[in-house]
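Chain by chain, the residues:
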Amino acid sequence: SSNHQICYNKLVRKKKNLGKLSQKRFKKRHGVFTFFIFFLLLTAIILSLLSKYYPYFPFDILITKNIQSINFFWFQELMKLITYIGNPFPGFIIVIVIVGFLFFKLKSRETLFLLFSTCGAVVISMFLKVLILRPRPTPDLVMQVGYFVNRDSFPSGHVLFYIGLFGFLAYLFYVSKIRSPLRKSLLIFLTILLFSIGLSRIYLGAHWFSDVMGAYIIGLLWLIVVINFYRKVKLNLILRKVTAFKL
């Protein structure tokens with residue numbers, strides 16, 4: 001009996017110590033995450049202000065010329081295709097197809113949040129383009145493949161669209177309870193797609209490297225906001241169900 005009591009007391013102390021340790025870890029992670037968000041936000045503001053007054057930076061031309069030195073024919077066609085997916089009409093069709101699929105396979109909540117994430121990213125892009133009014137790269141500075149209707153360059157609208165749509169979609173696959181090779185393959189594919197769009201916009205001469213990086217930073221901030229909002233809504237719905245069940 002005394003041995004059982006000793007074991008019980010040890011377990012209680014161990015549980016308390018683990019609780020304290022988990023709290024310390026949570027506070028540490030929360031602090032790191034807060035610093036990361038602050039760093040991203042500060043970088044986005046500085047880059048946006050500089051982009052308003054400087055049409056490009058010296059490293060922009062250097063990076064663009066290095067990327068455009070890739071001479072494979074298939075590479076150029078691949079870059080065109082990745083950009084084409086993010087154009088208004090194809091992009092609209094892809095959104096409709098993905099939203100329709102999610103609506104039948106998952107809950108309507110995920111569908112609404114995907115639309116919210118995508119539309120929000122597009123609105124942010126349009127707003128910042130009008131606010132900053134940075135000109136696109138010109139043919140006398142870099143090679144341009146294709147014709148670009150919109151003159152505003154910062155931030156890259158294609159990159160923000162990709163993050164809003166495919167970024168949130170990747171998150172849904174990541175937190176999905178289904179564990180299968182298909183899920184892993186889709187996550188890898190979406191990750192490659194997200195990185196490729198930035199490369200594509202620089203290669204085609206549509207944006208500077210700083211335009212693309214600005215879009216990635218702003219897009220990541222937006223995605224964090226959407227994901228946190230989604231998690232809070234989901235948690236509130238679970239708590240309501242639990243409360244209703246108890247009643």
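Reading the values: rules and limits
Residues numbered from 1 in each chain as written. Predicted model: local features only at pLDDT ≥ 70, side-chain atom pairs only at ≥ 80, totals over all residues. Heavy atoms only, no water. Helix = DSSP H or I, 4+ residues; strand = E, 2+ residues; numbered from the N terminus. Buried < 20%, exposed > 50% of the residue type's maximum accessible area, 1.4 Å probe, protein only. Contact = heavy atoms within 4.5 Å. Salt bridge = Lys/Arg side-chain N within 4 Å of Asp/Glu carboxyl O. Axes fitted to C-alpha atoms, helices over the stretch in contact; angles between N-to-C directions. Parallel < 35°, antiparallel > 145°, perpendicular 65-115°, else oblique. Left-handed = near helix turned anticlockwise from the far one by under 90°. Nonpolar A, V, L, I, M, F, W, Y, C, P; charged D, E, K, R; others polar. Phe/Tyr/Trp six-rings, centres within 6.5 Å; stacked < 30°, edge-to-face > 60°. Lys NZ or Arg CZ within 6 Å of the ring centre and 35° of its normal. Core = buried A, V, L, I, M, F, W, Y, C linked by side-chain atoms within 4.5 Å. Expected span 1.5 Å × (residues − 1). Bend = angle between axes of the 7 residues up to and from the residue. Patch = residues over 30% accessible without salt bridge, like charges linked within 9 Å, V, L, I, M, F, W, Y side chains within 5 Å. Areas by Shrake-Rupley, 256 points an atom, 1.4 Å probe, with all protein chains shown as cover.

> So what exactly am I meant to see when it comes to the overall build of the chain here?
Counting its secondary structure elements, the chain contains eight helices and zero strands. Each of the 247 residues in the chain was classed as buried or not, and the buried ones make up 39%. By sequence separation, contacts in the chain at least 24 residues apart represent 80% of the contacts at least 6 residues apart.

> Explain the pattern of salt bridges to me, please; I cannot follow it from the model alone.
As a working rule, side chains carrying opposite charge can pair if their charged atoms are close by. Per the stated rule, a full pass over the model turns up three salt bridges. The salt bridge partner of Arg 134 is Asp 211, with a shortest N-O separation of 2.6 Å. Placement of the pair is Arg 134 in the loop between helix H5 (108-132) and helix H6 (157-174) and Asp 211 in helix H8 (residues 209-246), with a sequence separation of 77 residues. Sharing partners across several salt bridges, the network here consists of Asp 60, Arg 134 and Asp 211.

> Can you help me understand the packing of helix H4 (residues 88-105) against H5 in this one?
Each pair of packed helices gets described by two things: the angle between the helix axes and the distance between those axes. Packing of H4 against H5 brings their axes to within 8 Å, and their N-to-C directions diverge by 160 degrees. One element, H4, and the other, H5, form an angle in the roughly antiparallel class. Here the hand of the crossing between H4 and H5 comes out right-handed. Taking contact as the criterion, the partners of Val 95, Ile 98, Val 99, Leu 102 and Phe 103 in H4 are, on H5, Ser 108, Thr 111, Leu 114, Leu 115 and Thr 118. Its residues assigned to classes, the contact of H4 with H5 comprises seven nonpolar, three polar and no charged.

> Explanation requested: the packing of aromatic side chains in the structure shown.
Counting across every chain of the model gives 18 aromatic pairs. Summarising the aromatic geometry, the rings of Trp 74 and Phe 75 are spaced 5.9 Å apart at their centres and angled 85 degrees between planes, so their arrangement reads as edge-to-face. Residue class for Trp 74 comes out exposed when judged on its relative accessible area of 54%. Considering the side-chain rings of Phe 168 and Tyr 171, the 6.0 Å spacing of their centres and the 35 degrees angle between planes classify their relative orientation as tilted. Pair noted here: Phe 168 and Tyr 171 are both in helix H6, with a separation of three residues, about one helical turn. The same class applies to Phe 168 and to Tyr 171, which are both buried. Within the aromatic cluster, the residues linked to one another by ring pairs are Phe 113, Phe 116, Phe 168, Tyr 171, Trp 222, Phe 229 and Tyr 230. Positioned over the ring face of Phe 57 is Arg 134, at 5.0 Å from the centre of the ring.

> It is not clear to me how the nonpolar core should be interpreted in this structure. Could you clarify?
Generally speaking, soluble globular proteins have nonpolar side chains that are buried together. Among the nonpolar cores identified, the biggest contains 52 residues, and Leu 114, Tyr 162, Phe 166 and Phe 168 are the most heavily contacted of them. Residue assignment for this core shows that the elements contributing at least two residues are helix H1 (2-53), helix H3 (73-85), H4, H5, H6, helix H7 (181-203) and H8. Not counting residues within four places of it along the chain, the set of residues in contact with Leu 114 comprises Ile 98, Val 99, Leu 102, Gly 164, Leu 165, Phe 168 and Leu 169.

> Explain H6 here, please?
Helical periodicity: at 3.6 residues per turn, an α-helix aligns residues three or four positions apart in one direction. Along its 18 residues, H6 runs 25 Å from first to last C-alpha, staying within 8% of the 26 Å computed at 1.5 Å per residue. Residue Ile 163 marks the point of greatest curvature in H6, where the axis turns by about 30 degrees. Extensive coverage of H6 is indicated by the burial of 15 of its 18 residues.

> I would appreciate a short explanation of a nonpolar patch on the surface in the present structure.
A grouping of Phe 38, Leu 42, Ile 46, Leu 50, Tyr 53 and Tyr 54 is seen on the molecular surface, where their side chains present a nonpolar patch of about 650 Å² in accessible area. Here Phe 38 lies in helix H1. Judged by its relative accessible area of 53%, Phe 38 is exposed.

> For this particular structure, what's the right way to read the side chain of Ser 117?
Relative to the elements of secondary structure, Ser 117 occurs in helix H5. Note on Ser 117: relative accessible area 0%, which makes it buried. Among all residues touching Ser 117, those that are not within four sequence positions of it are Gly 164, Phe 168, Trp 222, Leu 223 and Val 226.

> So what exactly am I meant to see when it comes to unusual backbone geometry here?
Both trends apply: most residues other than glycine have a negative phi, and most peptide bonds are in trans. Omega for the bond connecting Phe 154 with Pro 155 falls within 30 degrees of zero, at -10 degrees, which places this linkage in the cis form. Phi at Leu 133 takes a positive value of approximately 55 degrees, unusual for a residue other than glycine.

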